Amino acid sequence: MHFFNTTGPCNPTDHYMLPPEERLVGAQLSRYIEDKLYWVLHAPRQTGKTTFLQSWMREINAGGKTIACYVSVEDCQGVTEPEIAMPMICDSICLAAEKEGLPVPRKDYNPESALSATLSDWAKLVAPKPLVVLFDEVDVLQDMTMVRFLRQLRKDFATRGVGTFPVSMALVGMRDLKDYIIKAKDGKQVNPGSPFNVKEDSASLSNFTKENITRLFAKRTTETGQQIEQAALDYVWEQSKGQPWIVNNLFKRATMRILDKDDNSTVTLAHVQEARHQMILARETHLDALAYRLDDPKIRQIIETLMSGISDPNLFSSDSFRLCLDLGLVSKEDGIQVANPIYREILARHMTTGEQNSIPKPEWKWKKDDGTLDMDALLKEFQKFWRTNADEWEEKSDYTEAFPHTLLMAFLQRVVNGGGRIDREYAAGSGRMDLLVEYGEQKYVIEIKITRYNKSIESVKKEGFEQIRRYRDTAAPGAPAYLVVFDRRHIKAIKGEDGKRRDGEPAPWDDRITWEAADGITVVGG
């Protein structure tokens with residue numbers, strides 16, 4: 001029996017899978033060996049790069065005309081000294097050759113020539129067949145180790161051929177070589193793309209399409225007869241946007257945990273929704289690793305910009321944005337936003353964890369007598385909390401623009417945890433964050449708006465009324481709606497000559513903390 005795999009590379013013997021080469025973008029596999037070309041493949045983590053490489057290796061070797069070998073250089077992570085790293089790479093080559101039952105080259109421990117000599121000897125040993133080497137995890141190589149690695153490959157590129165040097169080579173990682181800026185020994189920045197200008201292509205690996213998702217589950221239907229509702233398939237696409245690890249995880253949980261692995265009942269929308277809920281709470285390695293990327297100030301700045309809805313004309317061209325794009329954290333297909341709703345939820349939860357854990361357990365009544373959520377009471381208590389703690393907590397926060405958003409989300413999550421859930425929508429330039437709070441059978445729509453130094457409260461409210469109505473009509477028609485407007489006009493975007501921001505005096509709390517109803521929408525001032 002096959003299963004949906006989320007741990008390591010997929011193989012057709014054990015796992016439901018589609019041919020990974022179908023998702024290659026910008027690659028010319030038929031040319032790389034025949035024309036003796038070197039190329040780069042870059043894509044985010046957990047998209048199927050290693051699965052593709054190992055699949056292609058098996059395909060090449062099954063043809064009998066060429067020898068291909070997959071080599072991971074992951075052991076070199078964190079090793080910046082070429083004198084240590086280059087022999088380690090040669091060790092990885094020898095171990096890979098031994099594992100695949102290929103001739104093992106002699107190791108050269110001179111860091112100036114180790115890689116070149118090892119690959120040359122390997123090409124001689126497999127002759128009269130040409131040698132193809134597929135290097136994975138190349139992005140772990142750092143600083144001068146990366147430069148030395150690329151320069152030794154480039155040095156022998158002109159001599160490549162049967163019995164002399166690998167005829168074709170793939171360098172695979174998260175980022176394209178041109179996006180790696182490293183530090184040389186003298187502290188100056190070096191772009192390692194310069195010493196490796198012999199690559200033919202920089203290809204990538206796309207996410208699943210909606211059709212791919214349908215075809216993937218159809219593999220299980222063919223084997224077991226188990227069906228899946230169209231609504232469930234649509235939900236998997238909506239939540240994952242085709243990210244392969246998420247797709248497989250949702251399918252695996254729905255078929256092996258929500259339903260028993262031997263229960264071939266039809267997979268419903270409810271099963272997949274529960275699978276999503278479990279996956280988020282489980283904080284699995286892939287999702288946790290993405291969340292901890294927020295420790296990087298460059299990434300944190302981009303996600304904060306998206307969360308606060310700020311319009312930044314320089315965002316798209318920044319190195320920080322390109323890093324987030326390469327990591328698969330963000331997407332630019334429908335405006336700049338977090339890549340999918342699952343990532344959006346994980347990042348928001350991580351950003352609010354400290355605040356959520358620091359908020360006292362509510363002692364006030366936040367449920368009505370019938371057990372339903374009293375959103376009016378909850379938000380009025382938040383106003384009290386905001387007035388009492390906002391200034392002190394903001395000084396300790398890693399976030400400035402998104403601080404009101406993170407604190408309100410933390411407050412809501414602290415209350416509804418265990419009995420409800422919060423869905424979030426945010427994107428660069430949107431000027432808002434939308435929240436859909438579900439508790440039992442109830443749904444509530446909340447929109448967060450910020451009044452900045454260059455706008456008036458009334459103009460922000462007017463804009464907010466239009467936006468929250470559109471969101472409610474789509475997410476929860478007829479649900480109670482709350483427009484939460486934070487007055488941040490005292491925070492200036494313009495910095496002084498010394499680079500420090502000159503904030504003004506905030507409006508009095510009594511002017512900021514307001515509560516009013518207008519056109520069926522409750523406006524909450526903060």
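This one's a predicted model, so the numbers in the text were calculated from it and none came from an experiment.

J.: Is there a simple way to explain the nonpolar core in this structure?
T.: Grouped burial of nonpolar side chains is what soluble globular proteins tend to show. Judged by nonpolar contacts, the single largest core of 87 residues is most densely connected at Phe251, Ile303, Leu373, Met375 and Leu412. At nine residues, the largest contribution of residues to this core is made by helix 15 (residues 403-416). When near neighbours in sequence (up to four residues on either side) are disregarded, Leu412 contacts Met375, Leu378, Leu379, Ile422, Leu435 and Ile446. In this structure, Val71, Val73, Ala114 and Val138 belong to the second largest nonpolar core, which totals 36 residues.

J.: Which parts of the structure should I look at to understand the pattern of salt bridges?
T.: A side chain with one charge may pair with a side chain of the opposite charge, provided their charged atoms come close. All told, the structure shown has 33 salt bridges when counted by the stated rule. The shortest N-O distance in the salt bridge between Arg421 and Asp423 comes to 3.5 Å. Accessibility classification places Arg421 together with Asp423 in one group, the buried group. Between Lys449 and Glu463 there is a salt bridge, and its shortest N-O distance comes to 2.5 Å. With Lys449 in strand 13 (residues 442-451) and Glu463 in helix 16 (residues 457-475), this residue pair connects regions lying 14 residues apart in the sequence. On the basis of relative accessible area, Lys449 is assigned to the buried category, the value being 1%.

J.: Would you explain empty space enclosed by the protein in this entry?
T.: A probe matching the size of a water molecule, rolled over the atoms, marks out where space remains unfilled. A full pass over the atoms with the stated rule returns two cavities of 30 Å³ or more. The computed volume of the largest cavity comes to approximately 50 Å³. What lines the largest cavity is simply Arg276, His277, Ile280, Leu281, Glu345, Arg349, Arg421 and Ile422. Of all the elements in the fold, those that place two or more residues in the lining of the largest cavity are helix 9 (269-282), helix 13 (341-358) and strand 11 (420-426). Here the element with the most residues in the lining of the largest cavity is helix 9; it accounts for four residues. Broken down by class, the residue content of the lining of the largest cavity amounts to three nonpolar, one polar and four charged.

J.: Help me understand the pairing of strand 11 in this model?
T.: When a strand is regular, its side chains alternate between the sheet's two faces. Of all seven residues in strand 11, five are buried, a share of seventy percent or more. Where strand 11 meets strand 12 (residues 433-439), seven bridges bridge the pair, whose relative direction is antiparallel. When the sheet's bridge partners are listed, Arg421 is paired in strand 12 with Glu438.

J.: Is there a simple way to explain the environment of Glu284 in this structure?
T.: Mapped onto the fold, Glu284 is located in the loop between helix 9 and helix 10 (285-292). Along the sequence, Glu284 and Lys199 sit 85 residues apart, while their C-alpha atoms lie 36 Å from each other. Excluding anything up to four places from it in sequence, Glu284 contacts Trp245, Asn249, Arg253 and Met279.

J.: Whenever I open this one, the packing of helix 6 (residues 210-224) against helix 8 (residues 244-258) confuses me. Can you help?
T.: Think of two packed helices as two axes; the pair is described by the angle between the axes and how far apart they sit. The contact between helix 6 and helix 8 brings their axes to 11 Å, and the two run at 35 degrees. The way helix 6 lies across helix 8 gives a crossing that is right-handed. Listed contacts from helix 8 to Ile213, Leu216, Phe217 and Arg220 of helix 6 are Val247, Asn248, Phe251 and Thr255. Of the residues belonging to the contact of helix 6 with helix 8, the class tally is five nonpolar, two polar and one charged.

Reading the values: rules and limits
Residues numbered from 1 in each chain as written. Predicted model: local features only at pLDDT ≥ 70, side-chain atom pairs only at ≥ 80, totals over all residues. Heavy atoms only, no water. Core = buried A, V, L, I, M, F, W, Y, C linked by side-chain atoms within 4.5 Å. Buried < 20%, exposed > 50% of the residue type's maximum accessible area, 1.4 Å probe, protein only. Helix = DSSP H or I, 4+ residues; strand = E, 2+ residues; numbered from the N terminus. Contact = heavy atoms within 4.5 Å. Salt bridge = Lys/Arg side-chain N within 4 Å of Asp/Glu carboxyl O. 1 Å grid on protein atoms, 1.4 Å probe; cavity = no way out; pocket = protein on both sides within 12 Å on 5 of 7 lines; lining within 4 Å. Points joined across faces, edges and corners; volume = space filled by probe spheres on them. Nonpolar A, V, L, I, M, F, W, Y, C, P; charged D, E, K, R; others polar. Pairing = 2+ DSSP bridges. Axes fitted to C-alpha atoms, helices over the stretch in contact; angles between N-to-C directions. Left-handed = near helix turned anticlockwise from the far one by under 90°.

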